[in-house]
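Each chain, written out:
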Amino acid sequence: MSPLDLRTAVGELMARAAAAGGRASRVVHAAPDHGFTQLLLALVADRELSDHENPGEALLHILSGRVRLTAGVDEWELLADQHLVIPRRRHRLLALEDSTVLLTIVKGRS
């Protein structure tokens, strides 16, 4: 296993998002047997991940840009180098400017 250069990965992902309709993602690490996934996501300004369920415990870390996470009546505006535990309810994510985030998801075992 080799280390991942996040700066390079973020730059490449944002270029892909700009060329592919405003959104691109890359799995950083997936350990399905342990219910753990990390995903890099790039969104160009004004692109949104529409309202969706939380797939498990999730942490959103903003790598670049500025985003708004909305869960019901609660809203958080997040900047680069901030992170937030995503509430365990329906939510959406809007890029207020070109943004990249690292999403970490831990699914509970049945």
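This one's a predicted model, so the numbers in the text were calculated from it and none came from an experiment.

A.B. asks: Mind laying out the overall build of the chain, listing which residues take part and the relevant values?
C.D. replies: In terms of helices and strands, the chain carries 1 helix and 9 strands. Overall, the chain shows an N-to-C arrangement of helices and strands of α-β-β-β-β-β-β-β-β-β. Against the globule reference of 13 Å for 110 residues, the chain gives a C-alpha radius of gyration of 14 Å, in line with a compact fold. Counting only C-alpha atoms and orienting by the principal axes, one finds that the chain spans roughly 40 × 40 × 25 Å. When the 110 residues of the chain are sorted by exposure, 37% land in the buried category. In the chain, the proportion of contacts linking residues at least 24 apart, taken out of those at least 6 apart, comes to 63%. Counting only carbon and sulfur atoms, one obtains 51% of the accessible surface of the chain, whose full area is about 6,600 Å².

A.B. asks: Now, about the sheet that holds strand β3 (residues 48–52): what can you tell me, with residues and values included?
C.D. replies: The strand order across the open sheet built from 4 strands is β3-β8-β5-β6, with neighbouring strands paired in antiparallel fashion. Edge strands, defined here as strands with exactly one partner in the open sheet, are β3 and β6 (74–79). When the angles between neighbouring strand axes are averaged without regard to direction, this sheet yields 15°. Summarising the sheet, strand β5 (residues 66–71) and strand β8 (residues 91–95) pair through 4 bridges and their orientation is antiparallel. Within the sheet, the bridge partner assigned to Leu69 lies in β8 and is Leu93.

A.B. asks: Lay out the environment of Thr70 with the relevant residues and their values.
C.D. replies: Mapped onto the secondary structure, Thr70 falls in strand β5. By relative accessible area, which is 5% here, Thr70 ends up buried. Remark: the alpha-carbon pair of Thr70 and Arg90, spanning 20 residues in sequence, is separated by 8.6 Å. With residues near it in sequence (within four places) discarded, Thr70 still touches Glu75, Arg90, His91 and Arg92.

So, how was this worked out
- Residues numbered from 1 in each chain as written.
- Predicted model: local features only at pLDDT ≥ 70, side-chain atom pairs only at ≥ 80, totals over all residues.
- Heavy atoms only, no water.
- Helix = DSSP H or I, 4+ residues; strand = E, 2+ residues; numbered from the N terminus.
- Rg over C-alpha atoms; globule rule 2.2 N^0.38 Å.
- Buried < 20%, exposed > 50% of the residue type's maximum accessible area, 1.4 Å probe, protein only.
- Contact = heavy atoms within 4.5 Å.
- Areas by Shrake-Rupley, 256 points an atom, 1.4 Å probe, with all protein chains shown as cover.
- Pairing = 2+ DSSP bridges.
- Axes fitted to C-alpha atoms, helices over the stretch in contact; angles between N-to-C directions.

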